[in-house]
Amino acid sequence: MKNYHIVSKIAIYLLSVVMISFGLYHFQNARDLVVYIPSSLPGGIWWVYLTGAAFILVAISFITNRMVKTSAYLLAFILFVFILTLHVPNYLNAGDKEMKAIAFVNLLKDTAIAGFALHIAAGAHHQKLHMEQSD
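The structure displayed is predicted, hence computed values, not measured ones.

Caption draft 1: Quick peek at the pattern of salt bridges. Tallied over the full model, the rule gives one salt bridge. Where Lys109 meets Asp110, a salt bridge forms, and the shortest distance between an N and an O atom there is 2.7 Å. With a relative accessible area of 28%, Lys109 lands in the partly exposed category. On the accessibility criterion, Asp110 (3% relative accessible area) is buried.

Caption draft 2: Representation of the nonpolar core. Counting 20 residues, the largest nonpolar core has Met19, Phe62, Leu75, Leu79 and Ile120 as the members making the most contacts within it. Elements supplying a minimum of two residues to this core: helix H1 (2-28), helix H3 (45-64), helix H4 (68-92) and helix H5 (97-123). Excluding its chain neighbours within four sequence positions, the residues that come into contact with Leu79 are Phe55, Asp110, Ile113 and Ala114.

Caption draft 3: Region of the structure containing H3. Spanning 20 residues, H3 covers 29 Å between terminal C-alpha atoms, matching the ideal 28 Å at 1.5 Å per step. Along H3, the residues classified as buried are Ile45, Val48, Thr51, Gly52, Ala54, Phe55, Val58, Ala59, Ser61 and Phe62. Of the residues flanking the end of H3, it is Asn65, one or two places downstream, whose phi is positive at about 60 degrees.

What counts and what doesn't
Residues numbered from 1 in each chain as written. Predicted model: local features only at pLDDT ≥ 70, side-chain atom pairs only at ≥ 80, totals over all residues. Heavy atoms only, no water. Salt bridge = Lys/Arg side-chain N within 4 Å of Asp/Glu carboxyl O. Buried < 20%, exposed > 50% of the residue type's maximum accessible area, 1.4 Å probe, protein only. Core = buried A, V, L, I, M, F, W, Y, C linked by side-chain atoms within 4.5 Å. Helix = DSSP H or I, 4+ residues; strand = E, 2+ residues; numbered from the N terminus. Contact = heavy atoms within 4.5 Å. Expected span 1.5 Å × (residues − 1).

Remember, this is a structural readout, not a statement about activity or role.
In structure tokens, the structure reads:
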């Protein structure tokens with residue numbers, strides 16, 4: 001089972017790289033992303049920055065193996081909020097076929113990442129991953 005644990009660690013590190021990339025993208029392209037924030041939500045661009053910071057902090061949590069369970073559940077929660085408030089409405093209200101396809105891919109991407117985050121949370125005991133134990 002040792003190889004399984006190595007593959008699991010690599011998968012978590014890959015997710016961490018993706019989350020850092022998403023976080024940096026939010027900081028570098030905040031003005032482009034602010035259009036997705038519902039106008040009824042006060043704060044505007046600060047939500048984009050907060051999301052970027054959350055993605056980076058989740059990645060740091062996974063890499064350092066600290067507060068993993070909480071971070072993974074929060075990541076899944078954030079992504080489910082995005083799915084329900086951004087991706088589903090964008091998919092349903094897309095003006096053309098290309099925009100509908102992009103919204104659908106984003107919906108699937110966030111669903112997959114949220115599922116992986118829930119899997120990570122389920123494997124974390126006392127806030128740390130315990131992959132070194134044999135099954």
